[in-house]
Amino acid sequence: QVRLVESGGGLVQAGGSLRLSCAASGRTFSSYGMGWFCQAPGKEREFVAGISWSGGSTYYVDSVKGRFTISRDNAKNTVYLQMNSLKPEDTAVYYCAARAGAISRSAPSNDYWGQGTQVTVSS
């Protein structure tokens, strides 16, 4: 069982930055692939970024490449999403997800979810 709690969302102007954090409970955190997803009103939950259990592999949706960076600290049971050069279209609720082995880009295929944190980017 893994419990995930996100933090770090907020209101920021276009071009600004935010860092999201996801704190995980459970002694097997280091064996889970982790990821971030976003969901805007009226839209499905979409993959944003993923990271392997070791942190050695990362992957992103094309729209955030070069702007967002996912990282993890297994000693702190925490995964991060550094968001730079934010755009109004990045506005959404951001969710942390975990899956034994590797994170899936398909939201329903992942095992555990946090409650979400709102990110709002004003123009």
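Quantities reported herein were computed from a predicted structural model and do not represent experimental measurements.

K.L.:
Could you clarify how one ought to interpret the packing of aromatic side chains in this entry?
P.N.:
Each aromatic ring pair is described using two quantities: the centre-to-centre distance and the angle formed by the ring planes. Here the structure, examined in full by the defined rule, presents five aromatic pairs. Centroid distance Phe37 to Trp113: 5.0 Å. Interplanar angle 65°. Geometry classified as edge-to-face. You can see Phe37 sitting in strand 4 (residues 32-39) and its partner Trp113 sitting in strand 10 (residues 112-113), a full 76 residues away along the chain. Seen from their ring centres, Tyr95 and Trp113 are 6.5 Å apart, and the 85° between their planes marks the pair as edge-to-face. Here Tyr95 is found in strand 9 (residues 92-100), whereas its partner Trp113 is found in strand 10, with 18 residues between them in sequence. Linked through ring pairs, Phe37, Phe47, Tyr59, Tyr95 and Trp113 together constitute an aromatic cluster. Its end group placed over the ring of Trp113, Arg45 keeps NZ or CZ at 4.8 Å from the ring centre. Over the ring of Phe29 we find Arg72, and its NZ or CZ is 4.5 Å from the ring centre.

K.L.:
Teacher, can you tell me more about the environment of Val48 here?
P.N.:
Relative to the assigned elements, Val48 resides in strand 5 (residues 46-51). A relative accessible area of 3% means that Val48 is categorised as buried. Considering only alpha carbons, one finds Val48 and Cys38, ten residues apart in sequence, at a separation of 6.6 Å. In this structure Val48 touches Trp36, Phe37, Cys38, Tyr59, Tyr60, Val61, Val64, Phe68, Leu81 and Tyr94, once residues within four positions along its chain are discounted.

K.L.:
Is there a simple way to explain the nonpolar core in this structure?
P.N.:
Generally speaking, nonpolar side chains in soluble globular proteins are found buried as a group. Among the nonpolar cores identified, the biggest contains 31 residues, and Leu4, Met34, Trp36, Val48, Leu81 and Tyr94 are the most heavily contacted of them. Looking at this core, the elements that each hand over two or more residues are strand 3 (18-24), strand 4, strand 5, strand 7 (68-73), strand 8 (78-83), strand 9 and strand 11 (117-122). Residues Phe37, Phe47, Ile103 and Ala107 belong to the second largest nonpolar core, which totals five residues.

K.L.:
Is there a simple way to explain the sheet that holds strand 8 in this structure?
P.N.:
Whenever strands of a sheet pair, they do so through backbone hydrogen bonds, lying parallel or antiparallel. Spatially, the four strands line up as an open sheet ordered 1-3-8-7, and their pairing is antiparallel. Looking at strand neighbours, the two that pair on one side only are strand 1 (4-7) and strand 7, the edges of this open sheet. Looking at each pair of strands side by side, their axes are set apart by 15° on average, direction ignored. Where strand 1 lies against strand 3, four bridges are found, and the strand directions are antiparallel. Its bridge partner being in strand 3, Leu4 is matched across the sheet by Ala24.

Each value, and the rule that gives it
- Residues numbered from 1 in each chain as written.
- Predicted model: local features only at pLDDT ≥ 70, side-chain atom pairs only at ≥ 80, totals over all residues.
- Heavy atoms only, no water.
- Phe/Tyr/Trp six-rings, centres within 6.5 Å; stacked < 30°, edge-to-face > 60°.
- Helix = DSSP H or I, 4+ residues; strand = E, 2+ residues; numbered from the N terminus.
- Lys NZ or Arg CZ within 6 Å of the ring centre and 35° of its normal.
- Buried < 20%, exposed > 50% of the residue type's maximum accessible area, 1.4 Å probe, protein only.
- Contact = heavy atoms within 4.5 Å.
- Core = buried A, V, L, I, M, F, W, Y, C linked by side-chain atoms within 4.5 Å.
- Pairing = 2+ DSSP bridges.
- Axes fitted to C-alpha atoms, helices over the stretch in contact; angles between N-to-C directions.

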